[in-house]
Amino acid sequence: MDIRMPHLDGLEAAQRVLRLLPHCRVLMLTTFDLDRYVYAALAAGASGFLLKDVTAAHLAAAVRLVNTGDALLAPSITRRLVERYATARDAEEAGPAHRLTTSAAPRTLAVHRDLAPLTPREVEVLTLMGRGLSNTELAGALTLSEATVKTHVARIFAKLALRDRAQAVVLAYETGLVAPGGSAG
């Protein structure tokens, strides 16, 4: 779906489609590389956001990926959103009189509180998902079968009421499991 369409913009169209068909997946495809559109698309329930400069093969792969329940953002958009989100979050947490220290303790408490329903292995899977690893890459990194990885991912989604990988990635950053640059918090 495009962001700008005649008579009804893609954001409103996505909201209407997802209200009627909640299990449907929406992939936004646009020339507008603006953060406000990305945020609005994700808020509307889109599972993916790509720019129209993608190749036909990449677009086809993205449609298949989103159809499986995964989420996808153009790499340039992902980097930009993560950097901005992390900067804004750190400023908010620091408050006017304090700056965050490099200590892992405050982040560890947030991780345990927000991710309490997860097993240690599920936290590990979520961390790697937050770093952008696919199920195949997760299986290789953790020396597990892809079926086992899919089970862990499904349990993470169920326990944390997540719709897709996009929400999982955001949560991984929000809880401090992953920090900009790919380091664990």
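Above this text sits the structure in question.
Remember, predicted model here, so these are calculated numbers, not experimental data.

A.B. asks: For this particular structure, what's the right way to read the packing of helix 6 (residues 120-130) against helix 7 (residues 135-142)?
C.D. replies: For any two helices packed against each other, the geometry is given by the interaxial angle and the distance between the axes. Two elements in contact, helix 6 and helix 7, have axes whose closest approach is 10 Å; the angle formed by their N-to-C orientations is 130°. Between helix 6 and helix 7, the crossing angle belongs to the class labelled oblique. The way helix 6 lies across helix 7 gives a crossing that is right-handed. Contact residues: helix 6 offers Arg121, Glu124, Val125, Leu128 and Met129, while helix 7 offers Leu138, Ala141 and Leu142. Residue classes in the contact of helix 6 with helix 7 are distributed as six nonpolar, no polar and two charged.

A.B. asks: How should the nonpolar core be read in this particular structure?
C.D. replies: Considering soluble globular proteins, one finds that nonpolar side chains tend to be buried as a cluster. Core analysis: the largest hydrophobic core is formed by 22 residues, its most contacted members being Leu115, Leu126, Met129, Leu138, Ile156, Leu160 and Leu162. If you list the elements that add at least two residues to this core, you get helix 6, helix 7, helix 8 (146-160) and helix 9 (165-174). The element best represented in this core is helix 8, accounting for five residues. Leaving out residues up to four positions away in the same chain, leucine 126 has contacts with Leu115, Leu118, Ile156, Leu160, Ala168, Leu171, Ala172 and Leu177. Counting 20 residues, the second-largest nonpolar core is a separate cluster that includes Leu11, Tyr37, Leu51 and Ile77.

A.B. asks: Explain the sheet that holds strand 2 (residues 48-51) to me, please; I cannot follow it from the model alone.
C.D. replies: Pairing between the strands of a sheet is mediated by backbone hydrogen bonds and can be parallel or antiparallel. If you walk across this open sheet you meet the three strands as 1-2-3, and the pairing is parallel. The sheet terminates laterally at strand 1 (27-30) and strand 3 (72-73), the two strands that pair on one side only. Of the pairings in the sheet, the one linking strand 1 to strand 2 comprises four bridges and is parallel in character. Each residue of the ladder has a partner; that of methionine 28, found in strand 2, is phenylalanine 49. Running over the sheet, helix 2 (residues 35-44) touches strand 1, strand 2 and strand 3 and is turned about 150° from strand 2.

A.B. asks: Could you clarify how one ought to interpret helix 7 in this entry?
C.D. replies: Those residues of helix 7 that sit buried are Asn135, Leu138, Ala139 and Leu142. Buried residues of helix 7, seen end-on, are gathered within an arc of 100° and therefore sit on one face of the element. Counted as exposed and oriented over 90 degrees from the buried face of helix 7: Gly140 and Ala141. Summarising the contacts, the buried residues of helix 7 are in contact with helix 6, helix 8 and helix 9. Threonine 143 sits one or two positions beyond helix 7 and adopts a positive phi of about 55°.

Reading the values: rules and limits
- Residues numbered from 1 in each chain as written.
- Predicted model: local features only at pLDDT ≥ 70, side-chain atom pairs only at ≥ 80, totals over all residues.
- Heavy atoms only, no water.
- Axes fitted to C-alpha atoms, helices over the stretch in contact; angles between N-to-C directions.
- Helix = DSSP H or I, 4+ residues; strand = E, 2+ residues; numbered from the N terminus.
- Parallel < 35°, antiparallel > 145°, perpendicular 65-115°, else oblique.
- Left-handed = near helix turned anticlockwise from the far one by under 90°.
- Contact = heavy atoms within 4.5 Å.
- Nonpolar A, V, L, I, M, F, W, Y, C, P; charged D, E, K, R; others polar.
- Core = buried A, V, L, I, M, F, W, Y, C linked by side-chain atoms within 4.5 Å.
- Buried < 20%, exposed > 50% of the residue type's maximum accessible area, 1.4 Å probe, protein only.
- Pairing = 2+ DSSP bridges.
- Arc of directions from axis to C-beta.

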